[in-house]
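Descriptive structure summary
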Amino acid sequence: MEEKQLLMEKLDRILPKVQKPARYIGGEIGSIVKSPQDVAVRFAFCFPDLYEIGMSHLGMKILYSLINSRPDFWCERVFAPDMDMRDCMKEQGIPLYGLESLEPIKDFDMIGFTLQYELSFTTILDMLDLAGLPVRSSQRKELYPIVIAGGPCACNPEPLADFIDLFVLGEGEEVNLELMDLYKQAKAEGWSKEAFLKAASQIQGIYVPSLYQVAYNPDGTVASITSEEGAPAKVTKRIVADLDCIFYPESFVVPAVEAVHDRAMVEVLRGCARGCRFCQAGFIYRPFREKEPGTLNSYGKALCDSTGYDEISLTSLSTSDYTRLEPLLDTLLDWTEKEKVNLSLPSLRVDNFSDSLAEKITRVRKSGLTFAPEAGTQRIRDVINKNITEEEILRTCTMAFEGGYTSVKLYFMLGLPTETMEDVEGIAQLAQKIVNLYYENPNKPKGKGVNVTVSAAGFVPKPFTPFEFEPQDTIEQFAAKQRHLVESVRTKKISVKYHNNKVSFLEAVLARGDRRLCAAMEQAWRKGCVLEGWDEHFSLETWLETLAECGLDPAFYANRRRSFEEVTPWSHLDYGVTKDFLIRENKKAHGDRTTPNCLLQCSACGASGLYPDGEGRWPCP
């Protein structure tokens, strides 16, 4: 208690000196406070980025509420402090603490990080150091705290293998509670850390990197990955078979500082039926599963009642693929219109945007529409298996303009496999056709022009996709394509935005890296790399210097084509989708051939074999 009192006195002194002090004090509506004496396991859920980013994360909201639904567990939230607060904490000797108790997380039983993007990796090391803990797993000898990590980047966790005690692969609702129950037993019976990790490795979905030895070939590629101490040779991710029966929170913590996405979020489905070949989420979250409309309606109502939010976002990888979307909207509109609650539908597709859907979302949306053609020419859209035509894109924009919209945002990617400069020009040409459509509409609003925004991200090849074998464009190639895109635009009605190609390059290095990158990761962090998702803190130059000092070539990871036979750093992890399927899809991409989406025809990707009964199902829903 004295330590906590001392911490609070120090916070009183430093909080007036930092920006947005409400980030650091907790006490928000919906936060859950328990007595440490009444719980068996304390869990620090750490988001390795700022409060505003982390408080937008649906997975954190779900697991926070789920763990706290158990009376014997207590989950607290922890976010990375911004640089001003970080400096003050270091100066005053304030260790990283949980927002609910304001107690140091170094004394918690488990510390869990969510891995949402590669550029958050060095911040994980920084948060461990701020907590007063050694960053390397081998230097943390005791049973507590066990440091775990999960989330999409856990599908290739090797660049973090030396720092994290165990990784959780797949969906966390069931496996996290199983893991915490095992920890509760280990704590009660006085197990060693090694004994706990060995036992944890027997739970499906748990990967303990220290129980696997990696050997390398003379050319630097992985020769073999060997399990030890009875750990499984291959670790299979976990899924939740029946989404309607799984826990979903009826309340969220309402942020004290405006979050990036500050609204009630209702998850309508998991997985994606589409099979876009660049999209890691579309493969690692398979199989495709939906929730019942009645369940979703009750979630939305409960969340608005408990939080006071006046906006519901129907979230998923592709919400317009929800097979009962229009009946769901009808049900929701019955009460949201009366209560003036707005509905938000992200991730709309142009090929299932109907007149009826346009009418319904016009009733609840006032902002512009966003679509993701991803590529400007039909050939590249076929290469990436987008399965939409230019006619569908133009038809959808026509409907949007006839519905009164004057703004359209389009997402594209640069650097896709087999892309040429003609394909880059195709992006500008498609945007121009959409501008022309607006002015051809006789019912366009008088006196209003159209705004078409083209946002072009750099393609990053990711594990567990058909493009995991592909080289990434070099920084120079990206820059040339960006220039060509801008020069191809002929009107001020089209605005072009593109991502930092240096960031895309480092993402590619880390996304397909092996555990030799751990040394560079630690060294880059010690040189000041932290909060790298923010432009003002990102330094590729520091990384390049550090990689060279460690004898590592970033082009080996980012710009090299892999053979189909190469052992990948993630080859001992199983996300359901088979390598044979990925190879088939890669060959079809190079032949400009498409694959039907899962709702039309099963392509035998292997994901339906993840169901717990082991029998596989088709159709997956």
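Residues numbered from 1 in each chain as written. Predicted model: local features only at pLDDT ≥ 70, side-chain atom pairs only at ≥ 80, totals over all residues. Heavy atoms only, no water.

Turning our eyes to something else, we now look at the sheet that holds strand S14 (residues 342-344). Reading across from one edge, S10-S13-S14 is the order of the 3 strands in this open sheet, with parallel pairing throughout. On the outer flanks of this sheet lie strand S10 (264-267) and S14, each paired with one strand and no other. On average, adjacent strands in this sheet sit at an angle of 25° to one another, irrespective of strand direction. Strand direction decides the pairing type here: strand S13 (residues 311-315) and S14, joined by 3 bridges, are parallel. Paired with Ile-312 across the strands is Leu-343, a residue of S14. Here helix H10 (residues 325-336) sits on the sheet and contacts S13 and S14; the angle it forms with S13, its principal contact strand, is near 170°. (Pairing = 2+ DSSP bridges. Helix = DSSP H or I, 4+ residues; strand = E, 2+ residues; numbered from the N terminus. Axes fitted to C-alpha atoms, helices over the stretch in contact; angles between N-to-C directions. Contact = heavy atoms within 4.5 Å.)

The next subject is the sheet that holds strand S15 (residues 369-374). Read across the open sheet, the 4 strands follow the order S15-S16-S17-S18; overall the sheet is parallel. Every interior strand has two partners, whereas the edge strands, S15 and strand S18 (494-498), have only one. When strand polarity is set aside, the average angle formed by the axes of neighbouring strands in this sheet is 20°. Strand direction decides the pairing type here: strand S16 (residues 407-414) and strand S17 (residues 451-458), joined by 8 bridges, are parallel. If you follow Lys-409 over to S17, its bridge partner there is Thr-453.

Bringing the pairing of strand S3 (residues 110-114) into the picture now. With 5 of its 5 residues buried, S3 lies for the most part within the structure. Every second residue of S3 is oriented toward a common face, with Met-110, Gly-112 and Thr-114 on one face and Ile-111 and Phe-113 on the other, all of them buried. Across 4 bridges, strand S1 (residues 41-47) lies against S3 in parallel orientation. Considered in S3, the bridge of Ala-44 is made with Ile-111. Direction of pairing for S3 relative to strand S4 (residues 146-150): parallel, over a ladder of 5 bridges. Pairing of Thr-114 across the sheet is with Gly-150, part of S4. Tracing the backbone out of S3, into helix H5 (residues 121-131) and back to the parallel element S4 gives a crossover that is right-handed. (Buried < 20%, exposed > 50% of the residue type's maximum accessible area, 1.4 Å probe, protein only. Right-handed = clockwise from strand over helix to strand, strands pointing away.)

The next point concerns H10. When the terminal C-alpha atoms of H10 are compared, their 15 Å separation across 12 residues agrees well with the 16 Å that a helix rising 1.5 Å per residue should span. Where H10 is concerned, the buried positions are Leu-325, Leu-328, Leu-329, Leu-332, Leu-333, Trp-335 and Thr-336. Axial view of H10: buried residues confined to an arc of 165°, hence all on one face. (Expected span 1.5 Å × (residues − 1). Arc of directions from axis to C-beta.)

Moving on: helix H9 (residues 293-307). Helix length check: H9, at 15 residues, gives a terminal C-alpha distance of 21 Å against a target of 21 Å (1.5 Å per residue), a fit within 8%. Of all the positions in H9, only Pro-293, Thr-295, Leu-296, Asn-297, Tyr-299, Gly-300, Leu-303, Cys-304 and Thr-307 are classed as buried. Structurally, H9 contributes buried residues whose contacts are with S10, S13 and H10. Just downstream of H9, Gly-308 is the residue with a positive phi angle, here 85°.

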